[in-house]
Amino acid sequence: MKKVLVAAMALALVAGGASLAMAAPTISSGIVGSPHDFSADMPGSTGADGTWNTTGEICRVCHSPHDKGRSTYKGSGVGLLWNHDVSSATYTLYTSDDIPAGDIGQPVGNAKLCLGCHDGTVGIDSFDNHTALGSAPTNAVKIGSGTDPFAEVALRIGGVDGTNGNTLAGTHPISADYPVLASDPATRGFNDPTAKTWADGELVSDTLENGMVQCATCHDVHSRESVAPATGGENYLLRQAQTVAQGGTASGLCLTCHNK
Amino acid sequence: MKIFVSLIVQFILALCVSGVALAGPPAVFGTGIVGSVHDFSRASWNPEALSYKGEICNVCHAPHDGGRKTYKAGLLWNRQLSSSTYIMYDKSWSPGITHAQDSQPTGNSKLCLSCHDGSLAIDAFGSYPGTGWRMWDENTNKVIPRFKDAAGSLDMHGTHPISVTYAAPGGGTAKGFKPATNTWPGGLTIADTLQNGKVQCSTCHDVHDTPGEVVPGTQLLRAGLTAKQGGASALCLTCHDK
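Residues numbered from 1 in each chain as written. Chains lettered and ligands numbered in written order. Predicted model: local features only at pLDDT ≥ 70, side-chain atom pairs only at ≥ 80, totals over all residues. Heavy atoms only, no water.

### Quick notes on the overall build of chain B
A tally of regular secondary structure across chain B gives 6 helices and 5 strands. Ordering the α and β elements of chain B from the N terminus gives α-β-α-α-β-β-β-α-β-α-α. Sorting the 242 residues of chain B into buried and exposed places 40% on the buried side. Of all intrachain contacts in chain B linking residues separated by at least 6 positions in sequence, the fraction that spans at least 24 positions is 52%. (Helix = DSSP H or I, 4+ residues; strand = E, 2+ residues; numbered from the N terminus. Buried < 20%, exposed > 50% of the residue type's maximum accessible area, 1.4 Å probe, protein only. Contact = heavy atoms within 4.5 Å.)

Now the structure itself:
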């Protein structure tokens, strides 16, 4: 009895919180000036010109309108005019007794694109045809081992952990199927992704890639649909606020999917 | 007297123009087709000695069809179109593509591809068969697209989607896109540069290098790509709301 009451109260709270957050969604303003805008003079290059993004464009670091005879556009297998090298690392995966074997595999799809910078094995500056142009060295500025502002180890997701090699064991499951509620017992504790929305109103199901949770399900790399940064703090490009300071409710992101 | 002065001015102007063409300096973009990459009036394969050759427009357009069928491509087109099959950047390659799209390149894109896909001779136009001089011989970097599959189809997976509708399915502005009334720096709206509502090569590039419509210093682009050219990735951000 007590348990049911508590659950009901929690639900009401969550629902109330969610609708509050929806009433005043504060959405980030876009990629310009965001952490993924590398158009400003970027430190960290050992090249003579002191920058590695020589043309100073935004999109080109990741996308290019023509492949120019380079094959990076195939590397990711997901298209998107990808213009950046991807990682060839094999990762130690997240494991858990509760998750059926085979539900989580090596990262695929657009998670590979994020890991192409964030696992720290490939340089942020490994894009376009810099080497051919002889302008700046490729593969010199790496996340977690480079120069400020990229040296921060926390930015390295799927990086080398001691003797474990590249590990995602400490990262929320990615390239993991979102349980299909109809066939999966709802007791597994998930909300219906076709009924739940992020702060900007987008359906959770629209941010799954082929039904899978990816990095881009929680984060908006273009900083267009993510919540506004907390005053003096970060928003980590999240699609739903995690804290009251970010304009939402405590753990609002997690509770969008997990019915806890 | 007045007339005399104006004649002198014209003479000087003419000198300047021919000087530019003679010296053959690197083309300055955004100043018109004369002297631009698509001005083939001085190309060795387009000698003035032959009738209709040594012109600019004739390489692509002819005022009369001359009994040839190429005009059927529209715009008095004076060249054969490529019969290549293309592997499109479409929703089978990227599920994110949601706008209506033609299954093969259409419209103006076909015109560009008649030279740029590298399959046909650039110097074949009008009634001239050409020498087999293709874009691959002219400049490999200007071949779009550059990859082929085993069957010989040209792979456009690495080229921005073309022959694709700008508006969302059912009309209106799709999420993630600016309204088609948004303007390029030259003053045209996005809608003005779409063909039947579709993004084609000519939506991003102006083949004629029309003054005021092309940002100088770019590859015939309607908006710049760098801060100096008017804003970092301004071209992409004219359409994409990112």
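### Regarding helix α2 (residues 107-116) of chain B
Residue and element names in this part refer to chain B. Of all 10 residues in α2, 7 are buried, a share of seventy percent or more. Within α2 the residues assigned to the buried category are Asn 108, Ser 109, Lys 110, Leu 111, Leu 113, Ser 114 and Cys 115. Two residues or fewer after α2 comes Gly 118, characterised by a positive phi angle close to 80°.

### Quick word on the nonpolar core
Residues and elements named next belong to chain B. Judged by nonpolar contacts, Val 164, Tyr 166, Trp 184, Ile 190, Leu 194, Val 199, Leu 221, Ala 223, Leu 225, Leu 235 and Cys 239 together constitute the single largest core of 11 residues. In contact with Val 199, other than residues within four places in its own chain, are Pro 161, Ile 162, Ser 163, Val 164, Tyr 166 and Leu 194. The next biggest cluster of nonpolar side chains, apart from the first, holds 10 residues, and it includes Val 59, Ile 122, Tyr 128 and Met 135. (Core = buried A, V, L, I, M, F, W, Y, C linked by side-chain atoms within 4.5 Å.)

### Considering the domain arrangement of chain A
All names here are of chain A. According to the domain assignment, chain A consists of domain 1 (26-171) and domain 2 (178-260). Taken together, the 18 residues of domain 1 in the interface contact 20 residues of domain 2. Summing both partners gives a buried area of about 1400 Å² for domain 1 against domain 2, and 55% of it is carried by carbon and sulfur. Connecting domain 1 to domain 2 are 0 salt bridges. Our count for the contact surface shared by domain 1 and domain 2 stands at 6 residue pairs in polar contact (both at pLDDT 80 or more). (Domains from an automatic or database assignment. Buried area = accessible area lost by both parts, 1.4 Å probe. Salt bridge = Lys/Arg side-chain N within 4 Å of Asp/Glu carboxyl O. Polar contact = N/O pair within 3.5 Å; in protein donor to acceptor, adjacent residues only side chain to side chain.)

### Quick look at unusual backbone geometry
Residues and elements named next belong to chain B. That bond from Ile 144 to Pro 145 is cis: its omega, -5°, falls within 30 degrees of zero. Assignment of secondary structure puts Pro 145 in the loop between α3 (135-138) and β2 (147-148). At Leu 75, a residue that is not glycine, the phi angle is positive and equals roughly 55°. A positive phi is found at Ser 163, a non-glycine position, where the angle reads about 50°. Position of Ser 163 relative to the elements: it lies in the loop between β3 (154-155) and β4 (164-165). For Ser 163, a relative accessible area of 0% translates into the label buried.

### A closer look at the interface of chain B and chain A
On the chain A side, the residues contacting the 22 residues of chain B number 30 residues. Each partner contributes to the roughly 2100 Å² buried at the junction of chain B and chain A, and carbon and sulfur atoms together form 59% of this total. Looking at the side of chain B facing chain A, the largest losses of area belong to B:Trp93, B:Phe147 and B:Lys242, adding up to 28% of the total buried there. At the junction of chain B and chain A, the tally comes to 4 salt bridges. Between B:Asp241 and A:Arg224 there is a salt bridge; the shortest N-O distance is 3.1 Å.

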